Amino acid sequence: FPVSVANVESTITSVDLYPNPATDVLNVAVKLEKEAKQVRYTVFDQMGKRISYEYHHNVKNDVYQVETNKLPAGSYFLMVSADGVQTMKQFTIVK
């Protein structure tokens, strides 16, 4: 039986968060090497509790907006997952 391991290369070229710190809205600009069938954006608080998530489909370059005006001031994490390849970024909300 042939045994092989698929070569998984990161498809995420860049994830930029702005403005950081944010007050009302955080923009998330994502650039991928190739189109991803599914991109998931997940926001976590400092304790690791999932605050929100959203899926986008057939993405190569995307700008996603996180509404931060209803969240308390503090540090948060954004995880971007593109077809299973993940990256994590930290951002701050100020009031």
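That block above? That's the structure.
1. Examining the nonpolar core
So, step 1. Judged by nonpolar contacts, the single largest core of 23 residues is most densely connected at Val28, Leu32, Val39, Tyr41, Leu78 and Phe91.
So, step 2. Counting residues per element, the ones that place at least two in this core are β1 (12-18), β2 (25-45), β3 (50-67), β4 (74-82) and β5 (85-93).
So, step 3. Beyond its immediate stretch of four places on either side in the chain, Leu32 contacts Thr11, Ile12, Thr13, Val39, Val59, Lys60, Asn61 and Ala82.

2. What to know about the environment of Leu78
So, step 1. Looking at the secondary structure, you find Leu78 in strand β4.
So, step 2. C-alpha of Leu78 to C-alpha of Val28: the two residues are 50 residues apart in sequence and 9.1 Å apart in space.
So, step 3. Excluding residues within four positions of it along the chain, Leu78 makes contact with Leu17, Val28, Tyr41, Thr42, Val43, Thr87, Met88, Lys89 and Phe91.

3. What to know about the pairing of β4
So, step 1. Judged by how many residues are buried, β4 sits mostly within the fold: seven of nine residues are covered.
So, step 2. With seven bridges joining them, β2 and β4 adopt antiparallel strand pairing. Bridging from a neighbouring strand, Tyr41 pairs with Val80 of β4.
So, step 3. If you look at the hairpin formed by β4 and β5, you'll find two residues sitting between the two strands, and Asp83 has a positive phi there, around 50°.

4. Here's the deal with the packing of aromatic side chains
So, step 1. Applying the stated criterion across every chain, the model contains three aromatic pairs.
So, step 2. For the ring pair Tyr41 and Tyr64, a centre distance of 4.4 Å and an interplane angle of 25° mean the geometry is stacked. Within this pair, whereas Tyr41 is found in strand β2, its partner Tyr64 is found in strand β3, the two being separated by 23 residues in sequence.
So, step 3. With relative accessibility at 1%, the residue Tyr41 sits in the buried group.
So, step 4. Arranged with centres 5.9 Å apart and planes meeting at 80°, the rings of Tyr53 and Tyr55 form a pair that is edge-to-face.
So, step 5. Tyr55 sits in the partly exposed class, given a relative accessible area of 37%.

5. A word on the environment of Phe91
So, step 1. Along the chain, Phe91 turns up in strand β5.
So, step 2. Judged by relative accessible area, which is 0%, Phe91 ranks as buried.
So, step 3. Between the C-alpha atoms of Phe91 and Leu78, which are 13 residues apart in sequence, the distance is 7.5 Å.
So, step 4. Setting aside anything within four residues of it in sequence, one finds Phe91 in contact with Leu17, Asn20, Leu26, Val43, Thr68, Gly74, Ser75, Tyr76, Phe77 and Leu78.

6. Let's talk about the pairing of β1
So, step 1. Sheet topology places β1 next to β2; six bridges connect them, and they run antiparallel. When the sheet's bridge partners are listed, Asp16 is paired in β2 with Ala29.
So, step 2. Between the end of β1 and the start of β2, which pair antiparallel, lie six residues.

How each quantity is defined
- Residues numbered from 1 in each chain as written.
- Predicted model: local features only at pLDDT ≥ 70, side-chain atom pairs only at ≥ 80, totals over all residues.
- Heavy atoms only, no water.
- Core = buried A, V, L, I, M, F, W, Y, C linked by side-chain atoms within 4.5 Å.
- Buried < 20%, exposed > 50% of the residue type's maximum accessible area, 1.4 Å probe, protein only.
- Helix = DSSP H or I, 4+ residues; strand = E, 2+ residues; numbered from the N terminus.
- Contact = heavy atoms within 4.5 Å.
- Pairing = 2+ DSSP bridges.
- Phe/Tyr/Trp six-rings, centres within 6.5 Å; stacked < 30°, edge-to-face > 60°.

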